[in-house]
Amino acid sequence: MATVTFRDETAAGRPLAEFVLPDLPESISARELVRLRVREEVARFNAAPSARFNGLVRPLDAEVELNGYRTGDAPRRRVDWERQADVAERAFQRNGFVLLVGERQIDDLSETIDLTADPVVSFIKLVPLVGG
């Protein structure tokens, strides 16, 4: 079993947030890894809901804020992790974020990753330029 650090970074490599998950399989596809990350962050949010969601992709009806998403002031609704994971897969395919395992960029969600060799997984959100 592997212990993995999931890290969000800026394009310049500055860490924004990270969390650690133990007991993951030693080998996993990039798709499963993205979905696992999303499932974990949604589970953490649903366990302790707040007006702000810090995750890989924006929940439905949430507003974009600096380094996160405002979920509103109404009674907190649960976020559906499967819907979020589907959105994350589509974002990856549209170059919405870069996935790095160790120092290696992952280009295909079907790629198999050895988590014992590279236990740090970085996500770099790409922000579209205004007018671009």
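Structure report, in brief. (Residues numbered from 1 in each chain as written. Predicted model: local features only at pLDDT ≥ 70, side-chain atom pairs only at ≥ 80, totals over all residues. Heavy atoms only, no water.)

1. Some details on the overall build of the chain
Argument step 1. Secondary structure assignment for the chain yields two helices and 10 strands.
Argument step 2. Starting at the N terminus and ending at the C terminus, the chain contains elements arranged as β-β-β-α-β-β-β-α-β-β-β-β.
Argument step 3. Within the chain, the fraction of its 132 residues that count as buried is 39%.
Argument step 4. Long-range pairs, those at least 24 residues apart, make up 51% of the contacts in the chain between residues at least 6 apart in sequence.
Argument step 5. As displayed, the chain has an accessible area near 7,800 Å², and 50% of this comes from carbon and sulfur atoms. (Helix = DSSP H or I, 4+ residues; strand = E, 2+ residues; numbered from the N terminus. Buried < 20%, exposed > 50% of the residue type's maximum accessible area, 1.4 Å probe, protein only. Contact = heavy atoms within 4.5 Å. Areas by Shrake-Rupley, 256 points an atom, 1.4 Å probe, with all protein chains shown as cover.)

2. Points about the environment of Phe-97
Argument step 1. With respect to the secondary-structure elements, Phe-97 resides in strand β7 (residues 97–101).
Argument step 2. In this structure the C-alpha to C-alpha distance between Phe-97 and Leu-56, which are 41 residues apart in sequence, comes to 8.5 Å.
Argument step 3. Sequence-distant contacts of Phe-97, that is, excluding residues within four places in its chain, are made with Val-34, Leu-56, Ala-88, Ala-91, Phe-92, Phe-123, Ile-124, Lys-125 and Leu-126.

3. A word on helix α1 (residues 30–47)
Argument step 1. Compared with an ideal rise of 1.5 Å per residue, which puts 18 residues at 26 Å, α1 spans 26 Å between its outermost C-alpha atoms and is within 8% of the ideal.
Argument step 2. All of the buried residues along α1 are Ala-30, Leu-33, Val-34, Arg-35, Leu-36, Arg-37, Val-38, Glu-41, Val-42, Phe-45 and Asn-46. (Expected span 1.5 Å × (residues − 1).)

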